[in-house]
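Next come the chains, spelled out residue by residue.
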There are 2 protein chains.
Amino acid sequence: MTDIIREATPLDVSGMLGLMHELAEYEKLTHLFEATEEALAEALFGQHPAAEAIVAERAGKIVGYALYFQNFSTFLGRRGLYLEDLYVQPALRGSGLGTALLRRVAALAVARKCGRFEWSVLDWNQSAIDFYTKMGATVMPDWRIVRVTDDALTKLAAAA
Amino acid sequence: MTDIIREATPLDVSGMLGLMHELAEYEKLTHLFEATEEALAEALFGQHPAAEAIVAERAGKIVGYALYFQNFSTFLGRRGLYLEDLYVQPALRGSGLGTALLRRVAALAVARKCGRFEWSVLDWNQSAIDFYTKMGATVMPDWRIVRVTDDALTKLAAAA
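The rules behind these values
- Residues numbered from 1 in each chain as written.
- Chains lettered and ligands numbered in written order.
- Predicted model: local features only at pLDDT ≥ 70, side-chain atom pairs only at ≥ 80, totals over all residues.
- Heavy atoms only, no water.
- Helix = DSSP H or I, 4+ residues; strand = E, 2+ residues; numbered from the N terminus.
- Rg over C-alpha atoms; globule rule 2.2 N^0.38 Å.
- Buried < 20%, exposed > 50% of the residue type's maximum accessible area, 1.4 Å probe, protein only.
- Contact = heavy atoms within 4.5 Å.
- Areas by Shrake-Rupley, 256 points an atom, 1.4 Å probe, with all protein chains shown as cover.
- Lys, Arg positive; Asp, Glu negative; His and termini not counted.
- Charge placed at Lys NZ, Arg CZ, Asp CG, Glu CD.
- Pairing = 2+ DSSP bridges.
- Axes fitted to C-alpha atoms, helices over the stretch in contact; angles between N-to-C directions.
- Parallel < 35°, antiparallel > 145°, perpendicular 65-115°, else oblique.
- Left-handed = near helix turned anticlockwise from the far one by under 90°.
- Nonpolar A, V, L, I, M, F, W, Y, C, P; charged D, E, K, R; others polar.
- Least-squares fit on C-alpha atoms with pLDDT ≥ 70 in both.
- Buried area = accessible area lost by both parts, 1.4 Å probe.
- Salt bridge = Lys/Arg side-chain N within 4 Å of Asp/Glu carboxyl O.

A. Geometry of the overall build of chain A. Helices and strands together make up the secondary structure of chain A, namely 5 helices and 7 strands. Listing each helix as α and each strand as β along chain A from the N terminus yields β-α-α-β-β-β-α-β-α-β-β-α. What you see for chain A is a C-alpha radius of gyration of 17 Å, in line with the 15 Å of a compact globule of 160 residues. Taking the principal axes of its C-alpha atoms as reference, chain A extends roughly 60 × 35 × 35 Å. Sorting the 160 residues of chain A into buried and exposed places 52% on the buried side. In chain A, the share of contacts with a sequence separation of at least 24, taken over all contacts with a separation of at least 6, comes to 57%. Accessible surface, chain A as shown: approximately 7400 Å² in total, 53% of it carbon and sulfur. For chain A, the separation between the mean place of its 16 positive charges and that of its 20 negative charges on side chains is 9 Å.

Next comes the structure, spelled out in structure tokens:
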């Protein structure tokens, strides 16, 4: 059975969306899930893409994916890559597919002369933290993510 | 004395770089500081910009800035804005400039139909946390930022 890591194509959108919903379930965040095939297709393959993705294919089926986009560090004065999602179906964890996906995005970061490759992890997801640490990543202890959404965003913007 | 919040121009690069270094000092991160005028000018005003910025001007001098770029949430299926830096010189804190900068970026996020406006804060920076919370933002308790840089990134990429 051959595993393939390759760039996502428009034909993968439906399969990826299914995996995204599985990831939201795993992260206990399905209440935030609003993505649609149309929105994902536009973001990845529209006229001005917001993100890129690679997929892991096993026996002709999409079983994992990595979705990432460019960010920028003012302190480094350099672009970086931000990994929004990395997902491999639970039954296939430990098979090397997650490692292969992560390494492939890291290779893109190096090829694009990025200063950093970053992502986020939930503090209770110890298996992910262990995996990332083993891969040479550092979990930053002191940064917190701040977010404004929905009504709070509208209200903040209204006074501008 | 009139305060102006406006889009950054190439003439602001030198002033912004000085403020970025002040921010790195405040965050105790000068060991990470490598940015140059050339890199910042290219990132903001080059052929394929990596980020955008607005500045706060008081009495003809740049005293603060906000630098941001687009990100993407797979769960929302929507673009967002990520605020990489928000800085106002210490002597001018409490003057409303930080609020004005934050509101202006929030307004852009709404105008662009973004699902989220996000940034990061150091967990010991209580004055910033208090300010953001007052502005309606939520400090997420459970996410941690993961980072691969330098030799670790090269090594991770090499095995791809």
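B. Spatial organisation of the sheet that holds strand β1 (residues 3-7) of chain A. Judged by pairing direction, the sheet is mixed, and its 7 strands sit side by side in the order β1(A)-β2(A)-β3(A)-β4(A)-β5(A)-β7(B)-β6(A) without closing on themselves. Among the strands making up the open sheet, the edge pair consists of β1 and β6 (138-139) of chain A. Pairing geometry for strand β4 (residues 78-88) of chain A and strand β5 (residues 116-122) of chain A, over 3 bridges, is parallel. Paired with L83 of chain A across the two strands is W119 of chain A, which belongs to β5 of chain A. Sitting on the sheet, helix α5 (residues 150-158) of chain B is in contact with β5 of chain A together with β7 (143-149) of chain B, with an inclination near 80° to β7 of chain B.

C. Structural context of the packing of helix α1 (residues 13-26) of chain B against helix α2 (residues 37-45) of chain B. Residues and elements named next belong to chain B. Between α1 and α2, the shortest axis-to-axis distance is 10 Å and the interhelical angle comes to 110°. When the interaxial angle is binned, α1 and α2 end up roughly perpendicular. For the crossing formed where α1 meets α2, the hand is right-handed. Listed contacts from α2 to V13, S14, M16, L17 and M20 of α1 are E37, L40, A41, L44 and F45. Along the lines of polarity and charge, the residues of the contact of α1 with α2 split into 8 nonpolar, 1 polar and 1 charged.

D. Examining the relation of the copies chain B and chain A more closely. The operation relating chain B to chain A is a screw motion whose rotation component is 180°, with 0.0 Å of axial translation and a residual RMSD of 0.0 Å. Such values leave the two copies arranged in the relation of a two-fold axis. Closest approach to the rotation axis among the C-alpha atoms of chain B is made by R144 of chain B, whose C-alpha sits 3.3 Å away. Comparing contact sets, 100% of the residues at the interface of chain B also lie at the interface in chain A, consistent with an isologous, same-surface contact.

E. Region of the structure containing the interface of chain B and chain A. Taken together, the contact pairs 72 residues of chain B with 73 residues of chain A. For the pair chain B and chain A, the summed buried area comes to about 6700 Å², and 63% of that belongs to carbon and sulfur atoms. In terms of surface lost to chain A, no three residues of chain B exceed F75, W143 and R147 of chain B, which account for 14% of the buried area on that side. Taken together, the links from chain B to chain A amount to 6 salt bridges. Of the charged contacts in the structure, one is a salt bridge between E42 of chain A and R79 of chain B, with a shortest N-O distance of 2.9 Å. When grouped by side-chain class, the residues that make up the side of chain B that touches chain A number 44 nonpolar, 12 polar and 16 charged. Sheet topology places strand β7 (residues 143-149) of chain A next to strand β5 (residues 116-122) of chain B; 7 bridges connect them, and they run antiparallel. Residue W143 of chain A lies in a different strand from β5 of chain B, and its bridge partner there is L122 of chain B.

F. Structural context of the environment of A8 of chain A. Residues and elements named next belong to chain A. With respect to the secondary-structure elements, A8 resides in the loop between β1 and α1 (13-26). Between the alpha carbons of A8 and Y65 there is a distance of 8.4 Å; along the sequence they are 57 residues apart. With near-sequence residues (within four places) excluded, A8 lies in contact with M16, F45, A53, I54 and V55.

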